[in-house]
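Each chain, letter by letter, is given below.
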There are 2 protein chains.
Amino acid sequence: MKQFNILTLDTLPSRYRANLINSCTGYKSLNLIGTQSKSGSQNLAIFNSIIHLGSQPALIGFTSRPLSTQRDTYDNIRDTGVFTVNHAQKDLIANAHQTAAKYPSTTSEFEAAGLSPEYLGAHKAPFVKESTIKYSCTYVNEYEIKENGCIMIVGAIQELYVPEQLIAKDGWINLVEAATVAGIGLDGYVLGKKVTRYEYAQPHLAPKIL
Amino acid sequence: MKQFNILTLDTLPSRYRANLINSCTGYKSLNLIGTQSKSGSQNLAIFNSIIHLGSQPALIGFTSRPLSTQRDTYDNIRDTGVFTVNHAQKDLIANAHQTAAKYPSTTSEFEAAGLSPEYLGAHKAPFVKESTIKYSCTYVNEYEIKENGCIMIVGAIQELYVPEQLIAKDGWINLVEAATVAGIGLDGYVLGKKVTRYEYAQPHLAPKIL
C-alpha cells in the first residue's frame, strides 16, 4: 500500500500529483458541453465534473476552472444563458477528447473534432447530433469556490432526449447499454459493465437486488 | 427518441422523475464517507456526489441534501472537522448500499452493513478497512446551493492510501483494476471495462492513445 500525506503530496511533480488526485476521487461523468457565442461561434468542450443537484426542480452543476485564462464555455453561458450537455459515448471518445485542445474562440470544436452541431427545441445552444443522451439547460446561478477560484455553475434542465429503449419502467436510464463513457483522471475513458440495481435500503432488511 | 421538457418533467411521478434526472447526468463516483460523532459514535454513508476540485491544494467536494432531516455525516464533519472517503468496490456493493438505510444516529453503519472501521494516520475518523483506495480529509468550507438548499462541502485531502500496483508511472490510478464501482441514478452499481488513455489533446494533431 502506497501512502501519501499532505506533505509528501506537495513534493510530487505537478503532473504526477494532478493525475493521482484526479484519479482518487473515483469515476467521473464525461459530457460535452455545447454553447454558442453572441456572434454565433459554436463551442464544444469536454467536462468531467457534471453532478446531479436536484430532480425537483431538475438541477445540475459543473465546475469550470478559474477564469484567469480563456473560458469560452463559461463566457458563452453567461452571454446567452443556455448550454447543452451531451453524453460522451463509446464511438465518440476520440472526438470528445479532441475538444479539450486549446482552439481559438472563433474555431468550432464541432468541426475540429468531427462532430455535428444540431439545434433542437427552443434554445440557441448546439447539441451534438451523434450523442444519444442529451439535454439543454438554462443558466441559474454560480458559486465561486473561494479556496481555488473554481466556479460551480448551476443549470436547470429544459429539454431532455433519451432513446426510449434505454429507459426502465421507473425512469432509470441504462447508461451501460447507451455505451456512455466514464472518466478516470484527466485522460482515461472507461465503459461500464454488469449493472446491478438494489431495492431501497432499509434497516433490518438485507440488501435485495431489484 | 423520448423527449421530456421542463413542463412534462413536472407532471411525472416523483420517483420516475428522480430516477430519470439522477441517471441522465452520467456515471457517478461512489464512495463511503466515514465519520465519528463527538461522543464517539461511528457513522458510514454512501455518497454519489464526490468531485475533484483541485490538485494543488488537493481539494474535493461533495453535496449533502438539505439539512431539514437528520444528516449524521454533515453534523459529524462540522463537529470534528474530519472525514474519510473510501471507494465502493466490487465485493462491497451490497454493504455500501445498505449504509443508505436510515439508522438511528447511535447505530454504527459499519456494524449494520458488515464493514470494519479502522483508524489510520493522525485523524479521528474511521476508514473502511475493506476498501483498497481511501483518503482522509479535513473540512475546509461549505457552500449552500440556494436554489434547493443542498450543501456543497469542500474537503482537503490529508492522507491518501492506494495499492502501489494500481498507480501508473505518471500517478494515474487504474480504477478498473481496483474494481471501483460507479453509480447510475440512485440504485445502480456498475463496474468499469476497457480503459483507454489519450495523450494531451492539441489542435492540428489527431487524438493519440497513450
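Residues numbered from 1 in each chain as written. Chains lettered and ligands numbered in written order. Predicted model: local features only at pLDDT ≥ 70, side-chain atom pairs only at ≥ 80, totals over all residues. Heavy atoms only, no water.

Undergrad: Would you mind going over the overall build of chain A with me for this structure?
TA: If you tally the helices and strands in chain A, you get five helices and 13 strands. Here chain A has a C-alpha radius of gyration of 19 Å; the compact-globule value for 210 residues is 17 Å, and the two agree. Counting only C-alpha atoms, chain A reaches 60 × 50 × 30 Å along its principal axes. When the 210 residues of chain A are sorted by exposure, 59% land in the buried category. Considering only contacts in chain A between residues 6 or more positions apart, those separated by 24 or more positions represent 57%. (Helix = DSSP H or I, 4+ residues; strand = E, 2+ residues; numbered from the N terminus. Rg over C-alpha atoms; globule rule 2.2 N^0.38 Å. Buried < 20%, exposed > 50% of the residue type's maximum accessible area, 1.4 Å probe, protein only. Contact = heavy atoms within 4.5 Å.)

Undergrad: Before we go on, may I ask you to explain the relation of the copies chain A and chain B in this structure?
TA: Two copies of the chain are present, and they differ by a rotation about an axis and a shift along that axis. Expressed as a screw operation, the relation of chain A to chain B combines 0.0 Å of axial shift with a rotation of 180°, fitting to an RMSD of 0.0 Å. In the structure described here, the two chain copies are related by an operation that fits a two-fold rotation axis. For chain A, the minimum C-alpha distance to the rotation axis belongs to A:G192 and amounts to 2.3 Å. A high fraction, 100%, of the interface residues of chain A reappear at the interface in chain B, so the copies pair face to face through one surface. (Least-squares fit on C-alpha atoms with pLDDT ≥ 70 in both.)

Undergrad: Sorry, what's going on with the sheet that holds strand β2 (residues 28-29) of chain A here?
TA: Strand pairing within a sheet occurs via backbone hydrogen bonds; the two strands may be parallel or antiparallel. Pairing is antiparallel across the open sheet formed by six strands, whose spatial order is β2(A)-β12(A)-β13(A)-β13(B)-β12(B)-β2(B). The two strands at the open ends of the sheet, each matched to only one other strand, are β2 of chain A together with β2 (28-29) of chain B. Inspection of the sheet shows strand β12 (residues 181-184) of chain B paired to strand β13 (residues 188-197) of chain B by four bridges, in the antiparallel sense. Considered in β13(B), the bridge of B:I184 is made with B:G188. (Pairing = 2+ DSSP bridges.)

Undergrad: Could you clarify how one ought to interpret empty space enclosed by the protein in this entry?
TA: To find leftover empty space, one rolls a probe the size of a water molecule over the atoms. In the structure shown here, the tally under the stated rule is one cavity of 30 Å³ or more. The wall of the largest cavity is formed by A:Y27, A:A182, A:V190, A:L191, A:G192, B:Y27, B:A182, B:V190, B:L191 and B:G192. Secondary-structure elements contributing two or more residues to the lining of the largest cavity are β13 (188-197) of chain A together with β13 of chain B. For the lining of the largest cavity, a count of residues per class yields eight nonpolar, two polar and no charged. (1 Å grid on protein atoms, 1.4 Å probe; cavity = no way out; pocket = protein on both sides within 12 Å on 5 of 7 lines; lining within 4 Å. Points joined across faces, edges and corners; volume = space filled by probe spheres on them. Nonpolar A, V, L, I, M, F, W, Y, C, P; charged D, E, K, R; others polar.)

Undergrad: Quick question: what am I supposed to make of a positive patch on the surface here?
TA: On the surface, a cluster of positive charge is contributed by A:K90, A:K193, A:K194, B:K90, B:K193 and B:K194. Breaking the positive patch down by element, the ones donating at least two residues are β13 of chain A together with β13 of chain B. Structurally, the position occupied by A:K194 is in strand β13. Owing to a relative accessible area of 54%, A:K194 belongs among the exposed residues under this scheme. (Patch = residues over 30% accessible without salt bridge, like charges linked within 9 Å, V, L, I, M, F, W, Y side chains within 5 Å. Areas by Shrake-Rupley, 256 points an atom, 1.4 Å probe, with all protein chains shown as cover. Salt bridge = Lys/Arg side-chain N within 4 Å of Asp/Glu carboxyl O. Lys, Arg positive; Asp, Glu negative; His and termini not counted. Charge placed at Lys NZ, Arg CZ, Asp CG, Glu CD.)

Undergrad: Looking at this structure, how should I read the packing of aromatic side chains?
TA: Note on aromatic pairs: each is described by the distance of the centres and the angle between the planes. The final tally for this structure, using the stated rule, is eight aromatic pairs over all chains. With 5.7 Å between their ring centres and 85° between their planes, A:Y198 and B:Y189 make a pair best called edge-to-face. Here the residue A:Y198 occupies a position in the segment after β13, and B:Y189 occupies one in strand β13, the pair thus bridging two chains. Judged by its relative accessible area of 9%, A:Y198 is buried. Taking 5.6 Å as the distance between ring centres and 65° as the angle between the ring planes, the aromatic pair formed by B:F62 and B:F83 counts as edge-to-face. Placement of the pair is B:F62 in strand β6 (residues 58-64) and B:F83 in strand β7 (residues 82-87), with a sequence separation of 21 residues. (Phe/Tyr/Trp six-rings, centres within 6.5 Å; stacked < 30°, edge-to-face > 60°.)

Undergrad: In this structure, what is going on with the interface of chain A and chain B? I would like to understand it.
TA: One frequently used descriptor of interface size is the decrease in accessible area upon assembly of the parts. Taken together, the 102 residues of chain A in the interface contact 102 residues of chain B. Interface area, chain A with chain B, both sides summed: about 9000 Å², of which 61% is carbon and sulfur. Counting across the interface, chain A meets chain B through two salt bridges. Connecting chain A to chain B are 55 residue pairs in polar contact (both at pLDDT 80 or more). The pairing of strand β11 (residues 150-162) of chain A with strand β1 (residues 2-5) of chain B spans four bridges and is antiparallel. Bridged to A:V162 within β1(B) is B:K2. (Buried area = accessible area lost by both parts, 1.4 Å probe. Polar contact = N/O pair within 3.5 Å; in protein donor to acceptor, adjacent residues only side chain to side chain.)

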